[in-house]
Every structure is written in C-alpha cells, then in structure tokens.
Amino acid sequence: MAFCGKCGTQVQEGVKFCPSCGAQTEEAQQTQAADAQANKTMAILAYILFFIPLITGDHKKSPFVKFHTNQGTVLFIAAVAWGIAENIVLAILRAIFWNGYTWGVYGLFSTILNILWLAPTVLCVLGIINAVNGRQKELPVIGKFKIIK
Ligand SMILES: [Zn+2]
C-alpha cells in the first residue's frame, strides 16, 4: 500500500491521483518523469514539426509525447487560422485605407498584426522549454484544447 505524499491518505497501487486530495501519486509522478526523460526529443519535435510524432506513432506509446504533440498541433492550427484571418483583415484594410504609403492606417494595422505574430512564437518556445524540463504543463490560451486522442 502506498500513501499520498500530500495528505497521507492510503492510495491503491496503480492509481494516478489521490482519491482524497487529487494530488498526483508518487508512482504516477515517477512514471511520468521516466516517460518525459525517455521521450524528450520527440516532445520537443512536436512543437517544431507536429506531425513527426503522429507519423512515428510515439504519441500512442508515450503520454508525455501525446500531451506535447497535442499542444504543438493546436498551436500550428491556431497559427494557420490566425494567418488566414490576418490576411483577410489586411485585405479589407488595404481596400479601405491604402494611400500609397506604408505608414497610413493600413501600415499601422499591419505592424500591429505582425507584432501579434510573436504570440504563437512565444507559446512555441514556452512549450519547448516545458518539454526540455520534462514538464507536462498546459500553455496559456491554447493548452486546454484537446485534439490528439
Ligand atoms: Zn492526497
């Protein structure tokens, strides 16, 4: 019999979370740490080329890879959707405001939209840092979307 490291409640073998306080059990933590250690490279790759783990099937073998592949894929889809939305908005603004200069209203908005492109880049870097450190941590905004089953 094992005990919860947080509240001391007795927990059964193979249980991932303490039934009393919800903390991750030591056994689950060790399993996750070993998984993270063994599959770190693939988890990092998931943020650079999200489809690599999907092709190799590593996301099925490792919950750590699955977690990061999910985030890498959501991030990629969000970036593509964002890119399409940005182009539509810019096309509309260009039609309305374009005056031959870059520094009109159009120039201002295109600059702002370009700066906003830093967001997916920052999230990508954060995800890679989490993977490197063996952490299974949800990214802000996009982390809660689960698409990889
Ligand atoms: Zn507990």
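Residues numbered from 1 in each chain as written. Predicted model: local features only at pLDDT ≥ 70, side-chain atom pairs only at ≥ 80, totals over all residues. Heavy atoms only, no water.

## Quick word on the domain arrangement of the chain
And step 1. Partitioning the chain into structural domains gives domain 1 (1–38) and domain 2 (39–149).
And step 2. Taken residue by residue, the interface counts 5 residues in domain 1 and 7 residues in domain 2.
And step 3. Between domain 1 and domain 2 the total buried area reaches about 540 Å² when both faces are included, carbon and sulfur atoms providing 38% of it.
And step 4. On the domain 1 side of the contact with domain 2, Gln32, Asp35 and Ala36 bury the most area, a combined 76% of that side's loss.
And step 5. If you look at where domain 1 meets domain 2, you find 0 salt bridges.
And step 6. Of the residues contributing to the side of domain 1 that touches domain 2, the split by class is 2 nonpolar, 2 polar and 1 charged. (Domains from an automatic or database assignment. Contact = heavy atoms within 4.5 Å. Buried area = accessible area lost by both parts, 1.4 Å probe. Salt bridge = Lys/Arg side-chain N within 4 Å of Asp/Glu carboxyl O. Nonpolar A, V, L, I, M, F, W, Y, C, P; charged D, E, K, R; others polar.)

## Concerning the coordination of the zinc ion
And step 1. Taken together, Cys4 (SG), Cys7 (SG), Cys18 (SG) and Cys21 (SG) make up the full set of protein donors to the zinc ion, lying 2.3 Å away.
And step 2. Coordination at the zinc ion comes from 4 donor atoms whose angles at the metal span 107 to 112°, giving a geometry best classed as tetrahedral.
And step 3. We note that the donor set of the zinc ion lies within a single chain, spaced as C-x2-C-x10-C-x2-C. Taken together, the positions of cysteine 4 in the loop between strand E1 (2–3) and strand E2 (10–11) and cysteine 18 in the loop between E2 and helix H1 (26–38) put the pair 14 residues apart, joining distant regions of the chain. (Donors = N, O, S within 2.8 Å, 3.2 Å for Na, K, Ca; no water. Tetrahedral: all angles 85-135°; square planar, octahedral: opposite > 155°, others 65-115°. Helix = DSSP H or I, 4+ residues; strand = E, 2+ residues; numbered from the N terminus.)

## So, unusual backbone geometry
And step 1. A positive phi is found at valine 141, a non-glycine position, where the angle reads about 65°.
And step 2. Inspection of the secondary structure assignment puts valine 141 in the segment after helix H7 (118–132).

## Thoughts on the environment of phenylalanine 17
And step 1. Structurally, phenylalanine 17 can be placed in the loop between E2 and H1.
And step 2. Along the sequence, phenylalanine 17 and isoleucine 55 sit 38 residues apart, while their C-alpha atoms lie 31 Å from each other.
And step 3. Beyond its immediate sequence surroundings of up to four residues, phenylalanine 17 is in contact with Gly22, Ala23, Gln24 and Thr25.

## Re the packing of aromatic side chains
Any aromatic ring pair is given by two values, namely how distant the centres are and how the planes are angled relative to each other.
And step 1. On inspection of all chains with the given rule, the structure shows 2 aromatic pairs.
And step 2. A ring pair is formed by phenylalanine 50 and phenylalanine 51, whose centres lie 5.5 Å apart and whose planes are at 85°; its orientation type is edge-to-face.
And step 3. Take phenylalanine 50: its relative accessible area is 16%, and that puts it in the buried class.
And step 4. Here phenylalanine 50 and phenylalanine 76 contribute two aromatic rings whose centre-to-centre distance is 4.6 Å and whose plane-to-plane angle is 35°, an arrangement assigned as tilted. Taken together, the residues span a long stretch of sequence, with phenylalanine 50 in the loop between helix H2 (40–48) and helix H3 (51–56) and phenylalanine 76 in helix H5 (residues 63–97) at a distance of 26 residues. (Phe/Tyr/Trp six-rings, centres within 6.5 Å; stacked < 30°, edge-to-face > 60°. Buried < 20%, exposed > 50% of the residue type's maximum accessible area, 1.4 Å probe, protein only.)

## Some thoughts on the nonpolar core
It is characteristic of soluble globular proteins that their nonpolar side chains tend to be buried jointly.
And step 1. Formed by Ala36, Ala43, Tyr47, Phe64, Val74, Leu75, Leu123, Cys124, Ala131, Leu139 and Ile142, the largest nonpolar core amounts to 11 residues.
And step 2. Within the residue set of this core, elements represented by two or more residues are H2, H5 and H7.
And step 3. With residues up to four places along the chain from it excluded, the contact list for isoleucine 142 reads Gln71, Val74, Leu75 and Leu123. (Core = buried A, V, L, I, M, F, W, Y, C linked by side-chain atoms within 4.5 Å.)

## Some thoughts on the pattern of salt bridges
And step 1. Enumeration over the complete set of coordinates arrives at 1 salt bridge.
And step 2. Taking the shortest distance from any N to any O, the salt bridge between glutamate 138 and lysine 146 comes out at 3.4 Å.
And step 3. On the basis of relative accessibility, which here comes to 45%, the residue lysine 146 falls in the partly exposed class.

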